Amino acid sequence: MSTTTRHPQPPAGASQHALPDPGEQVPTLSWPIVCLFTFALALFGASTWAALTDVFPAVATIAASSAAIFVLFTVLHDASHYSISSHRWVNVAFGRAAMFFVSPLISFKSFAFIHIEHHRNTNDGESDPDHFVSAAPWWQLPIRFPAMDLPYIGFLVRNLRRRPRAEILETTALMTLSVTVIAAAAFAGHLWTLALIYLIPERVAMFVLAWWFDWLPHHDLEDIQSENRYRATRNRVGSEWILTPLLLSQNYHLVHHLHPSIPFYRYVAAWRRNEAAYLERDSAISTVFGQQLDATQYREWKRLNGKLAALLPVRMPRSSAARHASTHPIPVKSVERLTPDSVKVTFDVPDHLSDQFAFQAGQHLTVRHRTGGQEVRRNYSICASATSGELAIGVRHITGGMFSTFAVETLRAGDVLELMTPTGSFGAPLDPLTRRDNVAVAAGSGITPILSIMRTTMEIETESRFTLFYGNRTAESTMFAAELDELESRYADRLRIFHIRSGEARHPASLRGRIDLAMVQRLLASDLTPIDRWYLCGPSDLATTMRDDLASEGVPTDRIHLELFRGTNRSTHVDAFPASKVIITLSGANHTVELAPGETVLESALKNNIDAPYACLGGACGTCRARITTGAVSMEQNLALNTVETEAGFILTCQSHPTTPTVAVDYDS
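Counting restarts for each chain, with residues numbered from 1 along the sequence as it is written. Residue-level local features of this predicted model are given only where pLDDT is at least 70; pairs of side-chain atoms are given and counted only at 80 or more, and the full residue set underlies all totals for whole chains, interfaces and linings. With hydrogens and water stripped out, all remaining heavy atoms of the structure feed into the side-chain values.

Draft legend 1. Up close: the environment of Gly 95. Comment: elements are numbered from the N terminus, with helices defined as DSSP H or I runs of at least four residues and strands as E runs of at least two. Within the secondary structure, Gly 95 sits in helix 4 (residues 88-102). Here's how the labels work: a residue is buried when its accessible area is under 20% of the maximum for its type, exposed when over 50%, partly exposed in between, all with a 1.4 Å probe on protein chains only. The exposure class assigned to Gly 95 is buried, which follows from its relative accessible area of 0%. In sequence terms Gly 95 and Leu 72 are 23 residues apart; their C-alpha atoms lie 9.2 Å from each other. In what follows, a contact means two residues having at least one pair of non-hydrogen atoms within 4.5 Å. Setting aside chain neighbours within four positions, we find Gly 95 in contact with Leu 76, Ala 79 and Phe 108.

Draft legend 2. Seen up close, unusual backbone geometry. At Asn 123, a position not held by glycine, the phi torsion is positive, near 70°. Given the relative accessible area of 8%, Asn 123 is considered buried. Positive phi values are uncommon outside glycine, yet Ser 249 reaches one of about 75°. Mapped onto the secondary structure, Ser 249 falls in the loop between helix 11 (240-246) and helix 12 (253-258). The exposure class assigned to Ser 249 is buried, which follows from its relative accessible area of 6%.

Draft legend 3. Geometry of the packing of aromatic side chains. To pair, rings of Phe, Tyr and Trp, with the six-membered ring standing in for Trp, must have centres within 6.5 Å; the planes then decide the type, stacked if under 30 degrees apart, edge-to-face if over 60, and tilted in the middle. What the rule picks out here adds up to 21 aromatic pairs. Ring geometry for Phe 73 and Phe 111: centres 6.1 Å apart, planes at 85°, overall edge-to-face. Here Phe 111 lies in helix 5 (residues 108-120) and Phe 73 lies in helix 3 (residues 58-80), a separation of 38 residues in the sequence. Like Phe 73, the residue Phe 111 is buried in the burial classification. The interplanar angle of 10° and the centroid separation of 5.2 Å between the aromatic rings of Trp 271 and Tyr 278 together place this pair among those described as stacked. By relative accessible area, Trp 271 is classed as buried at 2%. Exposure remark for Tyr 278: the relative accessible area of 0% places this residue in the buried category.

Draft legend 4. Fine view of the pairing of strand 4 (residues 327-339). Here, any two strands with at least 2 DSSP bridges between them count as paired. Sheet topology places strand 4 next to strand 9 (residues 416-420); five bridges connect them, and they run antiparallel. Looking at the pairing, Thr 327 lines up with Met 420 of strand 9. In this structure, strand 4 lies alongside strand 5 (residues 342-347), joined through six bridges in antiparallel fashion. Within strand 5, the residue paired with Val 332 across the bridge is Phe 347. Hairpin connection of strand 4 to strand 5: two residues between the antiparallel strands.

Draft legend 5. How the structure looks around the environment of Thr 462. Counting through the fold element by element, Thr 462 comes out in the loop between helix 16 (447-460) and strand 11 (465-472). Judged by its relative accessible area of 26%, Thr 462 falls in the partly exposed class. Taking the C-alpha atoms as reference points, Thr 462 and Gly 45, separated by 417 residues in sequence, lie 40 Å from one another.

Draft legend 6. Main features of the pairing of strand 12 (residues 495-501). With six of its seven residues buried, strand 12 lies for the most part within the structure. Here strand 11 runs beside strand 12; their pairing, made up of seven bridges, is parallel. Across the sheet, residue Thr 467 finds its bridge partner in strand 12, namely Arg 496. Handedness is read with the strands pointing away from the viewer; a crossover is right-handed when the path from the first strand over the helix to the second is clockwise. Once the chain exits strand 11 it traverses helix 17 (residues 481-490) before rejoining the sheet at strand 12, and the crossover so formed is right-handed.

Quick look at the structure:
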């Protein structure tokens, strides 16, 4: 149930001040209006052609014509305030043309007169022609919205003596023409065609116009314009990313009533210029959901939500719903050549598996492929943004590589691959309201997880900055070169990419060679320690050396994120580990197996035909991650789990040797 509050006059101190200068002047010609007008006419023409040729469903042509009429009202509206041009005749020309589409029952001059009376008498009962809608009971709104032009005609009739004879004659001629066209169409059997092209769309547009341009700004406000101009209508804040273009800036309707002559596309700028002055005058403000705000509440709302408004819509990436890495057959959507020896493989994930294959930036997929009677498992980092809804990997050919050879030379769209659900924890949590400095170092195919992290970070953390050092031999061997160029253009003020080349003699000397800490320090030209996050991915000697060098320079290790595509060789000194009984929880079932001295938990599971998830067997991918619930283990190496995960009890089962007689691990955690 809505409530109405009548506000007092503005404070005396405020009323002593003149209306704030909007800082905007009527242009010689409003090019946004010209563009809107041209677009609307083209859209209406296209929808008319579609209706006459019956190439689209009726609902589509009605929607298109309604949108065109809705847009033309803004042309009419600005023309009525002479905001389109400093030349009066230009406004009249645009106004007459737009009026013919919006409502050809009255002339443009009559509409302008009635609309100005609305401004003079906002919320003042019968003196305000728009009061028909703004003060209507809620149950009458569906009837009054599409009939919005009827009270305008009644208002004109009541004021006939005040209007020039030429204006009344023009209105009479338009009414007569409208009735004649409708009657002729009905007599010729084309009334439905006329209804499809214009009569129905015009009522739909009128419904939306009454709702968005009249009811939303004015309902439940009793102050009249002559008493309190700052509370006769309101601004509606929040979700400006969609409301401002959708309402063509009329969510800042208060600014329009305070400064009727400024063009519609300058309302927001005028508000920002004088926000403090408007707030001093107790201006009416509400949120997008109708919550009324006074000046103090608005400032608090802006503090809490102002930054977020610029980010919306923010699609925070979801993690996979899979309890552990599980395998599913997934069709290949496309295979795109990146370089002569690499491809981007995009997958067509079925809808019923979309939650299983949701991922965080920096995660990877394990591909299971059988060739020559032998199964191979390979890890490939996801290269798509975690908010994109796309699942894709980058594959570079490795000499003798069974799957990479198949992917680069044979794989085609429509083929089906066995994919494990996403795993890994290379990325870091993102926060839309934070500001961080990120630096990534990648070489070769190490760009794939970095690309996902970089894309996702730029989209979600709109104040964060990113610097990428990407090493390759030549430009031709650079994976995702076009995507990187596009990203750098899109986020030019926040993203820097240094392409380091080791095999191009003509490449700039400062960017030639191999990446090392000295090169990074020189190109960053700033201290390393304030950097919030470091991402390192590439050959193990590059990544591990860079990690150690950063740590030696004082960079906290918890800021350094490392990803390796394969682990180092396992130790052969495992005889000291005892035999053990291992209880394995997987997919809701418990399995108890005997583990021989020197075996890992994963080896004992596979030996007993338990289909535990795994991939690299080297402690680098994290696919075999499980949580230890009983006993203790010793991991030979850990290149995949972060400190938070290990402190929570997670282990890499491919690297874990029990050190107690009984050990229980849970893959479902």
